[in-house]
Amino acid sequence: MRILLINDLYEHGGTEVQTRREKNILESEGHTVCLLTFDKHIRAVIGTKCHINIVREYNLIQKLYYNFFLDRKLMQEVLTIIKEFNPDVVHLNNIVFSPNTMYQAIEGARAVQTIRDYTHICPKGTCVYNDLKGCDGYKNSNCFKRCARLDPKLSIKRFLLSHVAVVRNRAIDVFLCPSEKLTEYCNHNNIKAINVSNSFDFSLIEGIDQGFNHEKLSSKKTYLYFGEMVEHKGIFQLLDAFLDFSKHKDVELLLAGDCKKENIKIQLGTYLNNKIKYLGKVAYDDIFGILHKTHTVVVPSLWLENYPNTILEAMAMRCLVIGSNRGGIPEMIGDQNMLFNVLDKDDIVDKLTATYEMDTEQYVEIVEKNREKIMHNNSTQKYYESLMNVFKTLQEQK
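Scope of this entry: the structure provided in the associated data block. What you see is a predicted model; the values in this text were computed from it and never measured. Numbering of residues starts from 1 in each chain and follows the order in which that chain's sequence is written. It should be noted that, the model being predicted, local features are given only for residues of pLDDT at least 70 and side-chain atom pairs only at 80 or more, the latter also being counted only at that level, while totals for whole chains, interfaces and linings use all residues. Side-chain figures throughout are based on the complete set of non-hydrogen atoms in the structure, without hydrogens or water.

**A look at the pattern of salt bridges**
Whenever Lys or Arg places a side-chain nitrogen within 4 Å of a carboxyl oxygen from Asp or Glu, that contact is recorded as a salt bridge. Applying the stated criterion across every chain, the model contains 11 salt bridges. Here Glu-252 and Lys-220 are joined by a salt bridge, their closest N and O atoms 3.7 Å apart. Here the residue Glu-252 occupies a position in strand S9 (residues 251-256), and Lys-220 occupies one in the loop between strand S7 (193-195) and strand S8 (221-226), the gap between them amounting to 32 residues. The residue Lys-277 makes a salt bridge to Glu-252 at a minimum N-O spacing of 3.3 Å. With Lys-277 in strand S10 (residues 276-280) and Glu-252 in strand S9, this pair connects stretches of sequence that are 25 residues apart. Each residue is placed in one exposure class: buried if its accessible area under a 1.4 Å probe, protein chains only, is under 20% of its type's maximum, exposed if it is over 50%, and partly exposed if it falls in between. Since its relative accessible area comes to 11%, Glu-252 is described here as buried. Linked by salt bridges that have partners in common, Lys-220, Glu-252 and Lys-277 make up one network. Counting from the N terminus, the helices are DSSP H or I runs at least four residues long and the strands are E runs at least two residues long.

**Quick look at empty space enclosed by the protein**
Lining residues are defined by having an atom within 4 Å of a point belonging to a cavity or pocket. Those points lie on a 1 Å grid over the protein atoms alone, cavities being sets where a 1.4 Å probe fits but cannot get out and pockets being open sets with protein on both sides within 12 Å along at least five of seven lines. Grid points are joined across faces, edges and corners, and a volume is the space filled by probe spheres set on the points. If you walk through the whole model with that rule in mind, you get two cavities of 30 Å³ or more. Roughly 80 Å³ of internal volume is contained in the largest cavity. Around the largest cavity sit Cys-122, Pro-123, Lys-124, Tyr-129, Cys-135, Tyr-138, Ser-141, Cys-143, Arg-146, Cys-147 and Leu-154, which together line it. Residues are grouped as follows: Ala, Val, Leu, Ile, Met, Phe, Trp, Tyr, Cys and Pro are nonpolar; Asp, Glu, Lys and Arg are charged; every other residue, Gly included, is polar. Classifying every residue of the lining of the largest cavity gives eight nonpolar, one polar and two charged. The calculated volume of the second largest cavity comes to roughly 30 Å³. What lines the second largest cavity is simply Thr-114, Arg-116, Leu-176, Pro-178, Val-196, Asn-198 and Tyr-383. Considered class by class, the residues forming the lining of the second largest cavity number four nonpolar, two polar and one charged.

**Let's talk about the environment of Ile-290**
Note on placement: Ile-290 falls in helix H10 (residues 287-291). Two residues form a contact once any of their heavy atoms are found within 4.5 Å. If sequence neighbours within four positions are ignored, Ile-290 has contacts with Leu-224, Leu-254, Leu-279 and Val-282.

**Structural notes on the side chain of Glu-313**
For Glu-313, the position within the fold is in helix H11 (residues 309-316). When charges are tallied, Lys and Arg are placed among the positive residues and Asp and Glu among the negative ones, while His and the ends of the chain are skipped. Buried and unpaired, Glu-313 has Arg-21 as its nearest opposite-charge partner, separated by 5.2 Å. Within the structure, Glu-313 has its side chain in polar contact with the side chain of Tyr-284 (distance 2.9 Å). Excluding its chain neighbours within four sequence positions, the residues that come into contact with Glu-313 are Phe-200, Phe-226, Tyr-284, Phe-288 and Leu-291. For this analysis, a polar contact is any N or O atom pair within 3.5 Å, provided that within protein one partner can donate a hydrogen and the other can accept it, and provided that sequence-adjacent residues contribute only side-chain to side-chain pairs.

**Notes on the state of the cysteines**
Any pair of cysteine sulfurs within 2.5 Å is marked as a disulfide. Inspection of the entire model under this criterion finds one disulfide. The disulfide bridge from Cys-34 ends at Cys-50, spanning 2.3 Å between sulfur atoms. On the sign convention where negative means left-handed, the S-S torsion of about -45° between Cys-34 and Cys-50 marks this disulfide as left-handed. A residue pair is termed long-range when its members are at least 10 positions apart, and Cys-34 in strand S2 (residues 32-37) and Cys-50 in the loop between S2 and strand S3 (51-53) qualify at 16 residues. Using a relative accessible area of 1% as the deciding quantity, one classes Cys-34 as buried.

**Remarks on the sheet that holds S10**
A pair of strands is treated as paired once DSSP finds two or more bridges between them. With parallel pairing, six strands are arranged side by side in an open sheet as S10-S9-S8-S11-S12-S13. Either end of the sheet is taken by a strand with one partner, and the two such strands are S10 and strand S13 (339-340). As paired elements, strand S11 (residues 296-299) and strand S12 (residues 320-324) share four bridges and run parallel to each other. Bridging across to S12, Val-299 finds its partner in Gly-323.

**Observations regarding the environment of Leu-4**
Within the secondary structure, Leu-4 sits in strand S1 (residues 2-6). Distance in space between the C-alpha atoms of Leu-4 and Ile-81 is 9.4 Å, their sequence separation being 77 residues. Discounting residues that sit within four places of it in the chain, Leu-4 has contacts with Cys-34, Leu-36, Ile-82, Phe-85, Pro-87, Val-89, Val-90 and His-91.

**Comments concerning the sheet that holds strand S6 (residues 174-177)**
Sheet strands pair via backbone hydrogen bonds, and the direction of the pair is either parallel or antiparallel. The strand order across the open sheet formed by seven strands is S3-S2-S1-S4-S5-S6-S7, and the pairing between neighbours is parallel. Two strands in the sheet have a free side with no partner beyond their single neighbour: S3 and S7. Direction aside, neighbouring strands of the sheet carry axes that sit 25° apart on average. In terms of strand pairing, strand S5 (residues 111-114) meets S6 through three bridges, oriented parallel. Each residue of the ladder has a partner; that of Gln-113, found in S6, is Phe-175. To obtain an axis, a line is fitted to C-alpha atoms, over the contacting stretch when the element is a helix, and the angle between two such axes runs from 0 to 180 degrees between their N-to-C directions. Contacting S1, S2 and strand S4 (89-92), helix H1 (residues 14-28) runs over the sheet at an angle of about 165° to S2.

**Let's talk about the environment of Asp-258**
Within the secondary structure layout, Asp-258 lies in the loop between S9 and helix H9 (262-269). Each C-alpha atom, one on Asp-258 and one on Ala-148, is 28 Å from the other, the two residues being 110 residues apart in sequence. In this structure, Asp-258 is in contact with Gly-227, Glu-228, Met-229, Tyr-278 and Lys-281, ignoring residues within four places of it in sequence.

**Focus on the side chain of Asn-93**
For Asn-93, the location among the structural elements is in the loop between S4 and helix H4 (99-106). Apart from the residues lying within four places of it in its own chain, the contact partners of Asn-93 are Ile-6, Asn-7, Thr-15, Thr-19, Glu-22, Gln-113, Thr-114 and Arg-116.

**Focus on helix H3 (residues 72-85)**
Given 3.6 residues per helical turn, the α-helix brings residues three or four places apart onto the same face. Across its 14 residues, H3 extends 20 Å between first and last C-alpha, which sits within 8% of the 20 Å expected from 1.5 Å per residue. Buried within H3 we find Leu-74, Met-75, Val-78, Ile-81, Ile-82 and Phe-85. Along the long axis of H3, the arc covered by the buried residues comes to 125°, so they all point the same way. Turned more than 90 degrees from where H3 packs its buried face, Arg-72, Lys-73, Lys-83 and Glu-84 sit exposed. Looking one or two residues past H3, Asn-86 carries a phi angle of roughly 55°, positive in sign. Each helix should span, by expectation, one fewer than its residue count multiplied by 1.5 Å. Directions are taken from the helix axis to each C-beta atom, and the arc is the one they span.

Distances and angles like these do not, on their own, reveal function.
Next up, the structure:
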């Protein structure tokens, strides 16, 4: 089968990891795959196998204009690629870059899109109100009254959601979502989606994973947050709680991830001490070495997460995982005792304390059970089979 994968960026976050992983999985099974990206940080084709990158840089006016209208030059380039590659299926991931152009370019092809976050149903992309309480998406909430009333940029994004929905639903035959929660939200907002969970490639940790590492349970316990340093990830709620939790305990909190905003860097710096350390941006391959020594990974998201790769990676490396009770995090962790209300500092402290006081037998039982769960539910083979069922069904229908 010939499959054209499309994603805005080549390397950025979890979506890009999953897109590249899908390409590798499909190619390993004998399919011909071409990846099309629009990443301004890449100026040439990557590697020896098919990866086409189109660099199109817009100024602010062009960016706004092409959100609503066609970029005819870009559309012609994409149509030429589709004609020459002649895919059996087109699989889109994140398409924020000139969405009208992209959806109209693939119209008529067999097309699948994986919805990987809440940007398709919330102009803020977080699905939480300004007071940080969760909402049900733009079809069920008054975005203009609750969030966009005094924000012109957000008002434009709200108009864009309705505008893009028309061409998107016309172009895409099947929508997929990695988490059950995002699938539910999409269906409540007129995006008819089915659940296909992300995969984890266990070959990534073959040289690191040598069974359970008992050093995790030494007197000094290491806690880890890894991901982008942004407010909606709940990092400051975690830091406030950790300051209280860590008193009179032999613990440390490591923070690993890119921090692009100067105000976040300054605020982050006020928390750093001998128990809270910021490692900066860590290469993806290097994070597994840190996880090997980590007792507990914390996922304190304020926004509604989809299906965080960080949880899969932590569980694969036999780390205990606790997180906020929002989005797809509860279904991944699967234990109410490991979830907290991110707006309640005392609740976060209580859950951190529970991990600290957990005995060895219970700890090992939980992390081994979680690892077995993702080996079964999130294997590359299971993901491949689920994806091919969708692709083959689509081929037979059209």
